Amino acid sequence: MRVYVGGHQAVSVDDFIELALGTPPELWLGVEGESEEERAARLDAARDILACHPGLPDDVARIAAEVIEAQAPELFNVVPLTRPPARRRTSRKGAAA
């Protein structure tokens, strides 16, 4: 089965994520062994993207929740917990007969 996002074929999970977000995940997560200069440049680029697209974090969270819900709906099957009835303490005070 082929998956296309915006006319581009996603051949791997990383491709799909990059096409869905519009940026490579490494931009946000970093890469192992990057230098301080590379990290600073990456974070600077990320700040520029967020300045141009302030709704991006909310969109990513929404997309992630939709994917999780589609793949593992039991994670969103929330059942409220009921509290057990409160126990009444009997008073030990009283008059001796």
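Residues numbered from 1 in each chain as written. Predicted model: local features only at pLDDT ≥ 70, side-chain atom pairs only at ≥ 80, totals over all residues. Heavy atoms only, no water.

Chemist: Can you walk me through the overall build of the protein in this structure?
Modeler: A tally of helices and strands in the protein yields 4 helices and 2 strands. Along the chain direction, N to C, the helices and strands of the protein fall in the order β-β-α-α-α-α. Expressed as a percentage of the 97 residues in the protein, the buried residues total 9%. Long-range pairs, those at least 24 residues apart, make up 11% of the contacts in the protein between residues at least 6 apart in sequence. Here the protein has roughly 8,900 Å² of accessible surface; of this, 56% comes from carbon and sulfur atoms. (Helix = DSSP H or I, 4+ residues; strand = E, 2+ residues; numbered from the N terminus. Buried < 20%, exposed > 50% of the residue type's maximum accessible area, 1.4 Å probe, protein only. Contact = heavy atoms within 4.5 Å. Areas by Shrake-Rupley, 256 points an atom, 1.4 Å probe, with all protein chains shown as cover.)

Chemist: I would appreciate a short explanation of the pattern of salt bridges in the present structure.
Modeler: Two side chains with opposite charge may pair up if their charged atoms get near one another. Evaluation of the coordinates by the stated rule reveals 3 salt bridges. A salt bridge links E34 to R42; its shortest N-O distance comes to 2.8 Å. When its relative accessible area of 14% is taken as the criterion, R42 is described as buried. The partner of R62 in a salt bridge is D59, and the shortest N-O contact between them spans 3.8 Å. Taken together, the residues R62 and D59, both in helix α4 (residues 56-71) and 3 residues apart, mark about one turn of the helix. Residue R62 is classed as partly exposed on the basis of its relative accessible area, which comes to 41%. (Salt bridge = Lys/Arg side-chain N within 4 Å of Asp/Glu carboxyl O.)

Chemist: Is there a simple way to think about the side chain of R42 in this case?
Modeler: Checked against the element boundaries, R42 lands in helix α3 (residues 36-52). When neighbours within four sequence positions are excluded, R42 is seen to be in contact with E26, L27, W28, L29, G30 and E34.

Chemist: It is not clear to me how a nonpolar patch on the surface should be interpreted in this structure. Could you clarify?
Modeler: Taken together, the side chains of V13, F16 and I17 present a nonpolar region at the surface, about 260 Å² in accessible area. Structurally, V13 is set in helix α1 (residues 13-21). Among the residues examined, V13 registers a relative accessible area of 62% and is labelled exposed. (Patch = residues over 30% accessible without salt bridge, like charges linked within 9 Å, V, L, I, M, F, W, Y side chains within 5 Å.)

Chemist: Honestly, the side chain of T23 in this entry has me stumped. Any pointers?
Modeler: Checked against the element boundaries, T23 lands in the loop between α1 and α2 (25-29). Within the structure, T23 has its side chain in polar contact with the side chain of W28 (distance 2.7 Å). With near-sequence residues (within four places) excluded, T23 lies in contact with I17, E18, W28 and I49. (Polar contact = N/O pair within 3.5 Å; in protein donor to acceptor, adjacent residues only side chain to side chain.)

Chemist: Could you clarify how one ought to interpret the environment of R42 in this entry?
Modeler: Residues R42 and L27, spaced 15 residues apart in sequence, show a C-alpha to C-alpha distance of 6.0 Å. Among the polar contacts listed, one links the side chain of R42 to the backbone oxygen of L27, at a separation of 3.1 Å.

Chemist: Is there a simple way to think about the confidence of the model for the protein in this case?
Modeler: Detailed reading of predicted coordinates is not advised where the pLDDT is low. Mean pLDDT for the protein: 81, with 87% of residues reaching 70 or above. Confidence scores differ between elements of the protein, with strand β1 (residues 3-5) showing the lowest mean pLDDT of 67 and α3 the highest of 93. (pLDDT = per-residue confidence, 0-100.)

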